[in-house]
Amino acid sequence: MKPEKKDKTYRQGRGLYQILSVIVLAVLLVAGTAALGPIILRTAQNPEQFRDYIDSYGFAGRLLFIGIQMLQVIFALIPGEVIEVGAGYAFGPWQGLLLCMIGVFLASTLIFFLVRKAGRRLAEILMSSQKLEKLKFLHNSKQLNLIVFLLYFIPGTPKDLLTFFVGLTEMKPSSFLWMTTLARIPSILSSTYAGSSLNEKNYVTTIIIFSVSAVVSLFGILLYRYITQKHERNAAAKDGDGQDN
């Protein structure tokens, strides 16, 4: 086979692989949301019922919870805080944290390598092109690792959606996984503590944790918008300079 034909065949095969990957994830997105939706509602409306549901499976309930946490990260349209509070209610703050972190780590690993293999089309299933463009500056950032760590550390930033984008950058898998796992701990721990306090009917502590988390999350949302808008303005200014020249 001629090199040109071989290269064309390879590109066609890779394109087909990417399309199939997108279709499969889209189907999983619908199925996962349908399966996870009732559990999310059960957790939000009645944490005690959620705990009883998990306890009914015995030790396997912990494996079930890890699966639920993985689904939440993969199908990032569902808020993770609800699941984390449920973990604290069902397992206590530290065991809840551990189970959440295992689920987050496994799901993040899966997403990172899927996006690294399939490319932008896969990321666009859960992130619009506009949102991807806002994060485009990360491709050329000399402080990529530091910025990614801060975005995952600060509450209120779209961490699960960011996971789909970072796979498109040149960040090393090992750096991404250990840095983002550590960065998530304070946010998840605050949620599991809130859930544990709620279980113990320590409502004052629960309200304090939720209130502080809400304020910090608002700050994180504003900071995230500031960072992305700043880089958008810088990119627009560079494009303008380039056109003038």
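Before reading on, note that the structure itself is shown above.
Residues numbered from 1 in each chain as written. Predicted model: local features only at pLDDT ≥ 70, side-chain atom pairs only at ≥ 80, totals over all residues. Heavy atoms only, no water.

Across its 15 residues, helix α3 (residues 60-74) extends 21 Å between first and last C-alpha, which sits within 8% of the 21 Å expected from 1.5 Å per residue. Buried within α3 are the following residues: Gly61, Phe65, Ile66, Ile68, Gln69, Gln72, Val73 and Ile74. (Helix = DSSP H or I, 4+ residues; strand = E, 2+ residues; numbered from the N terminus. Expected span 1.5 Å × (residues − 1). Buried < 20%, exposed > 50% of the residue type's maximum accessible area, 1.4 Å probe, protein only.)

This part covers the environment of Leu198. Following the sequence through the fold, Leu198 ends up in helix α10 (residues 173-199). Here Leu198 falls in the partly exposed class, since its relative accessible area comes to 23%. A C-alpha to C-alpha distance of 8.7 Å links Leu198 and Gly88, two positions 110 residues apart in sequence. Contacts of Leu198, omitting those with residues within four sequence positions, involve Pro47, Tyr89, Tyr203 and Thr206. (Contact = heavy atoms within 4.5 Å.)

A full pass over the atoms with the stated rule returns six aromatic pairs. Ring centres 4.9 Å apart and planes at 20° place the aromatic pair Phe112 and Phe176 in the stacked group. One end of the pair, Phe112, is in helix α5 (residues 93-118); the other, Phe176, is in helix α10, and 64 residues separate them in sequence. Neither Phe112 nor Phe176 differs from the other in exposure class; each is buried. Taken together, a centroid distance of 6.0 Å and an interplanar angle of 10° make the contact between Phe149 and Phe153 stacked. Taken together, the positions of Phe149 and Phe153, both in helix α8 (residues 144-153) and four residues apart, correspond to about one turn of that helix. (Phe/Tyr/Trp six-rings, centres within 6.5 Å; stacked < 30°, edge-to-face > 60°.)

Moving on, we get to the packing of α3 against helix α4 (residues 80-91). Contact geometry of α3 with α4 gives a least axis separation of 10 Å together with a crossing angle of 165°. As summarised for this structure, α3 and α4 are arranged roughly antiparallel, according to the angle between their axes. As α3 runs across α4, the sense of the crossing is left-handed. In this structure, α3 uses Gly61, Arg62, Phe65, Ile68, Gln69 and Gln72 to contact α4, whose residues at the interface are Gly80, Ile83, Glu84, Ala87 and Phe91. Here the residues of the contact of α3 with α4 sort into five nonpolar, four polar and two charged. (Axes fitted to C-alpha atoms, helices over the stretch in contact; angles between N-to-C directions. Parallel < 35°, antiparallel > 145°, perpendicular 65-115°, else oblique. Left-handed = near helix turned anticlockwise from the far one by under 90°. Nonpolar A, V, L, I, M, F, W, Y, C, P; charged D, E, K, R; others polar.)

For the rest of this paragraph, the subject is the side chain of Thr192. When you line up the elements, Thr192 lands in helix α10. When residues no more than four places from it in sequence are discounted, the contact partners of Thr192 are Glu84, Ala87, Gly88, Pro93, Gly96 and Leu97.

Turning our attention to unusual backbone geometry. Despite not being glycine, Lys201 has its phi angle at roughly 60°, a positive value. By the element assignment, Lys201 lies in the loop between α10 and α11 (203-244).

On to the nonpolar core. Ile54, Phe65, Phe91, Ile111 and Ile188 are the most contacted members of the largest nonpolar core, which has 23 residues in total. The dominant element in this core, judged by the number of residues it contributes, is α5, at eight residues. Excluding its chain neighbours within four sequence positions, the residues that come into contact with Ile54 are Gly61, Leu64, Phe65, Ile68 and Phe91. (Core = buried A, V, L, I, M, F, W, Y, C linked by side-chain atoms within 4.5 Å.)

Our next topic: α8. What α8 keeps buried is the set Leu144, Ile147, Val148, Leu151 and Tyr152. Looking down the long axis of α8, one finds its buried residues gathered within 130° of arc, a one-sided arrangement. (Arc of directions from axis to C-beta.)

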